[in-house]
Amino acid sequence: MIQKLFTSPINLMVKIGEKVQEEVEKEFYDLEHIQKKLIHLQMMYELEEIDEESYKKSETELLTRYDIAKRLEMEQINEFTKGKR
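Residues numbered from 1 in each chain as written. Predicted model: local features only at pLDDT ≥ 70, side-chain atom pairs only at ≥ 80, totals over all residues. Heavy atoms only, no water.

Overview of the pattern of salt bridges
As a reminder of what qualifies: We define a salt bridge as a side-chain nitrogen of Lys or Arg found within 4 Å of a carboxyl oxygen belonging to Asp or Glu. A helix here means a DSSP run of H or I that spans at least four residues, while a strand means a run of E at least two residues long, and both kinds are numbered starting from the N terminus. For every residue, the accessible area (1.4 Å probe, protein chains only) is compared with the maximum for its type, and the residue is labelled buried under 20%, exposed over 50%, or partly exposed between those bounds.
Throughout the structure, instances matching the rule amount to 5 salt bridges. For the salt bridge of Lys 56 with Glu 52, the shortest nitrogen-to-oxygen distance reads 3.1 Å. Residue Lys 56 and its partner Glu 52 are both found in helix H3 (residues 52–84); the two are separated by 4 residues, about one turn of the helix. On the accessibility criterion, Lys 56 (46% relative accessible area) is partly exposed. Owing to a relative accessible area of 42%, Glu 52 belongs among the partly exposed residues under this scheme.

Things to note about the environment of Tyr 66
The topology assignment puts Tyr 66 in helix H3. Sequence separation between Tyr 66 and Leu 38 is 28 residues; the distance between their C-alpha atoms is 9.8 Å.

Observations regarding unusual backbone geometry
For Glu 48, which is not glycine, the phi dihedral falls at a positive 60 degrees. Relative to the helices and strands, Glu 48 resides in the loop between helix H2 (31–46) and H3.

Describing the side chain of Arg 65
As a reminder of what qualifies: In this description, contact between two residues means that some pair of their heavy atoms is separated by no more than 4.5 Å.
Mapped onto the elements, Arg 65 comes out in helix H3. Since its relative accessible area comes to 14%, Arg 65 is described here as buried. For Arg 65, the contacting residues outside a window of four places in its chain are Glu 27, Phe 28, Tyr 29, His 33, Ile 34 and Lys 37.

Digging into H2
This is how the line gets drawn: Helix span, expected: 1.5 Å multiplied by one less than the number of residues in the helix. By definition, the arc is the one covered by directions from the helix axis to the C-beta atoms.
For H2, built from 16 residues, the straight-helix expectation of 22 Å at 1.5 Å per residue is met to within 8% by its first-to-last C-alpha distance of 23 Å. For H2, every residue scored as buried is listed here: Leu 31, Ile 34 and Leu 41. For H2, the arc enclosing every buried residue in end-on projection is 85 degrees, short of the 170-degree limit, so these residues lie on one face. Away from its buried face, by an angle of more than 90 degrees, H2 presents the exposed residues Lys 36, Ile 39 and Glu 46. Of the residues trailing H2, Glu 48 is marked for its positive phi of about 60 degrees.

Overview of the nonpolar core
Applied cut-off: Definition used in this section: a nonpolar core is a set of buried Ala, Val, Leu, Ile, Met, Phe, Trp, Tyr and Cys residues joined via side-chain atoms within 4.5 Å.
One finds Leu 31, Ile 34, Leu 41, Ile 50, Tyr 55, Leu 62 and Ala 69 forming the largest nonpolar core, which totals 7 residues. Secondary structure elements with two or more residues in this core: H2 and H3. Ignoring any residue separated from it by four or fewer positions in sequence, one finds Ala 69 in contact with Tyr 29, Leu 31 and Ile 34.

Comments concerning the confidence of the model for the protein chain
This is how it is decided: As a per-residue quantity, pLDDT reports the predictor's confidence and falls between 0 and 100.
In this model, the protein chain carries an average pLDDT of 87, and 89% of its residues clear a pLDDT of 70 or more. Across the protein chain, the element-wise mean pLDDT spans from 78 in helix H1 (residues 2–28) up to 96 in H2.

So, in structure tokens, the structure goes:
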């Protein structure tokens, strides 16, 4: 019983940490979110709010995230369709 009193807060913190990480990854690899960021970045560049170097660096990072997100999405689709067979 005493052990449960000490380990419960730790277990709760671990679960909260896992949930936060899950949400961050979800947003980081969300295709729609990335597309919106790319559009916003393009607008900032066109309005000369950022220079070309910053634009290209951010665009490269976003496109890399987009590629990873697309790959993850395809893996999920493949897993789902394998389960249906």
